[in-house]
Amino acid sequence: MGAGDLHDPVRVIVHPGFHKTGTSSLQSYLHRHRAALAPYVAFYGKDDFLKAGSAARIYAQKPFPWRLRAFRRRLDAFLTSIPDAPVIMLSRETFSGAMPGHRRMLGRTITGYHGVAVPLGRQIIAALQARFGPQVQITFVYTLRDREGWIRSVYGHLLRSIHLTQDFDAFRARFPDLMDPAAEARRIVATLGVADAHYFDLADIGSRREGPASAILDLLDVPSAVRAALPPAGRANSGQTAPMEQVFLDMNRAGGPKADLKRRKDAMLRDARRR
């Protein structure tokens, strides 16, 4: 797929997560090589539209109508700021809401995406149609993983990022009817009425040369010669070992200033990755 005719309908690929499905690796790879891939896609990741991404997360935790309108305003502002291109990709996990395991207002645990991903998705579609015209071609892409592996990864992430004091068994018990990520994604797409949607399992794409980004390069028909000229993907936002998880759990239970806890955990992770 080349640059094409700018008078043709714009194609926008929306990658709304999910969390802990190789999204950071995908975003990092496409961002790092955006210049080489510019003839095939104009890529925008979470660092490109921080305000819209943050507004989506805030809406997920406090789902008031004015929070949804704030998200739309910020997304409109971002879309207005970017140049036209034949193919555009937007990748941000918070387009599906907040990571399960976090809490909404009044302390309720977030256990799935559908309830907020649908209103967010409707606003994303409407914003894209307003910016690029009703003829815009919208593709939704989801990266996925198996249900139990996914919740285990979510637990590890929350253990290092927030003040979580439950062991895994207690945490898992908060999700007696845990959603299946693949079923949840298809349910969202069906509710939104998206005609073009693609689903990629991390077990199938994670170990490929370009990592999870390989799914997007396949979708874009990026030539093999272009792909071969790019370096292999590294791993972004990787988890910690089981012994380190126990250390993090003990640290969380011991308490202390949250900023200090985060600093100490980040330092431990950096040391572990250098070994």
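Residues numbered from 1 in each chain as written. Predicted model: local features only at pLDDT ≥ 70, side-chain atom pairs only at ≥ 80, totals over all residues. Heavy atoms only, no water.

*Asks:* For this particular structure, what's the right way to read the overall build of the protein?
*Replies:* When you go through the protein residue by residue, the secondary structure sums to 13 helices and 5 strands. Taken over the C-alpha trace, the protein has a radius of gyration of 19 Å; the compact-globule value for 275 residues is 19 Å, and the two agree within 12%. Expressed along its principal axes, the backbone C-alpha trace of the protein runs to roughly 60 × 45 × 30 Å. Sorting the 275 residues of the protein into buried and exposed places 49% on the buried side. Taking as baseline every contact in the protein between residues at least 6 positions apart, the subset at least 24 positions apart corresponds to 76%. Taken as a whole, the protein presents about 12900 Å² of accessible surface, with 53% of it coming from carbon and sulfur. For the protein, the separation between the mean place of its 41 positive charges and that of its 25 negative charges on side chains is 8 Å. (Helix = DSSP H or I, 4+ residues; strand = E, 2+ residues; numbered from the N terminus. Rg over C-alpha atoms; globule rule 2.2 N^0.38 Å. Buried < 20%, exposed > 50% of the residue type's maximum accessible area, 1.4 Å probe, protein only. Contact = heavy atoms within 4.5 Å. Areas by Shrake-Rupley, 256 points an atom, 1.4 Å probe, with all protein chains shown as cover. Lys, Arg positive; Asp, Glu negative; His and termini not counted. Charge placed at Lys NZ, Arg CZ, Asp CG, Glu CD.)

*Asks:* When you look at a positive patch on the surface in this model, what are you seeing that I'm missing?
*Replies:* Together, Lys-51, Arg-69, Arg-73 and Arg-74 make up a region of like positive charge exposed at the surface. Here the positive patch takes 3 residues from helix H4 (residues 65-81), the largest share from any one element. Mapped onto the secondary structure, Arg-73 falls in helix H4. Judged by relative accessible area, Arg-73 falls into the exposed class, the value being 53%. (Patch = residues over 30% accessible without salt bridge, like charges linked within 9 Å, V, L, I, M, F, W, Y side chains within 5 Å. Salt bridge = Lys/Arg side-chain N within 4 Å of Asp/Glu carboxyl O.)

*Asks:* How should the packing of helix H3 (residues 50-61) against H4 be read in this particular structure?
*Replies:* For any two helices packed against each other, the geometry comes down to the angle between their axes and how far apart the axes lie. Following both chains from N to C, one finds H3 and H4 inclined at 165 degrees, their axes separated by 8 Å at the closest point. It follows from the interaxial angle that H3 and H4 lie roughly antiparallel. Here the hand of the crossing between H3 and H4 comes out left-handed. In contact with Lys-51, Ala-52, Ala-55, Ala-56, Ile-58 and Tyr-59 of H3, H4 contributes Arg-67, Leu-68, Ala-70, Phe-71, Arg-74 and Leu-75. (Axes fitted to C-alpha atoms, helices over the stretch in contact; angles between N-to-C directions. Parallel < 35°, antiparallel > 145°, perpendicular 65-115°, else oblique. Left-handed = near helix turned anticlockwise from the far one by under 90°.)

*Asks:* Looking at this model, I keep getting lost on the pattern of salt bridges. Mind explaining?
*Replies:* Working definition: two side chains of opposite charge can pair if their charged atoms are close together. Within this structure, the stated rule accounts for 13 salt bridges. With a closest N to O distance of 2.8 Å, Arg-172 and Glu-148 form a salt bridge. Remark: Glu-148 occurs in helix H6 (residues 147-161) and Arg-172 occurs in helix H7 (residues 168-172); sequence separation between them is 24 residues. With relative accessibility at 19%, the residue Arg-172 sits in the buried group. For Glu-148, a relative accessible area of 39% translates into the label partly exposed. Two residues, Arg-227 and Glu-210, come together in a salt bridge whose shortest N-O distance is 2.9 Å. Here Glu-210 lies in the loop between helix H9 (202-205) and helix H10 (214-219) and Arg-227 lies in helix H11 (residues 224-228), a separation of 17 residues in the sequence. In this structure, Arg-227 and Glu-210 share a single accessibility class: buried. One salt-bridge network, in which partners are shared between bridges, spans Arg-208, Glu-210, Asp-218 and Arg-227.

*Asks:* Help me out: how do you make sense of the sheet that holds strand E2 (residues 42-44) in this one?
*Replies:* Sheet strands associate in pairs through backbone hydrogen bonding, adopting either a parallel or an antiparallel arrangement. Pairing in this open sheet of 5 strands is parallel, and the strands run E2-E3-E1-E4-E5 from one edge to the other. Strand pairing shows two members of the sheet lacking a second neighbour, E2 and strand E5 (196-201), which therefore form its edges. Here the average twist between neighbouring strands, direction ignored, is 20 degrees. Where strand E4 (residues 137-144) and E5 come together, 6 bridges link them in parallel fashion. What sits directly across from Thr-139, in E5, is Asp-196. Where helix H1 (residues 23-32) meets the sheet, its contacts fall on strand E1 (11-15), E2, strand E3 (87-91) and E4, and the angle it forms with E3 comes to roughly 140 degrees. In the packing of helix H8 (residues 181-192) onto the sheet, the strands contacted are E4 and E5, and the crossing angle to E4 comes to about 165 degrees. (Pairing = 2+ DSSP bridges.)

*Asks:* Is there a simple way to think about the environment of Asp-204 in this case?
*Replies:* Examined against the element boundaries, Asp-204 turns out to sit in helix H9. Taking the C-alpha atoms as reference points, Asp-204 and Leu-144, separated by 60 residues in sequence, lie 9.8 Å from one another.

*Asks:* Just checking my understanding: could you explain the side chain of Ser-214 for this structure?
*Replies:* Here Ser-214 lies in helix H10. Setting aside residues up to four positions removed in sequence, Ser-214 forms contacts with Ile-205, Arg-208 and Arg-227.

Everything listed here is a matter of geometry and, on its own, says nothing about what the molecule does.
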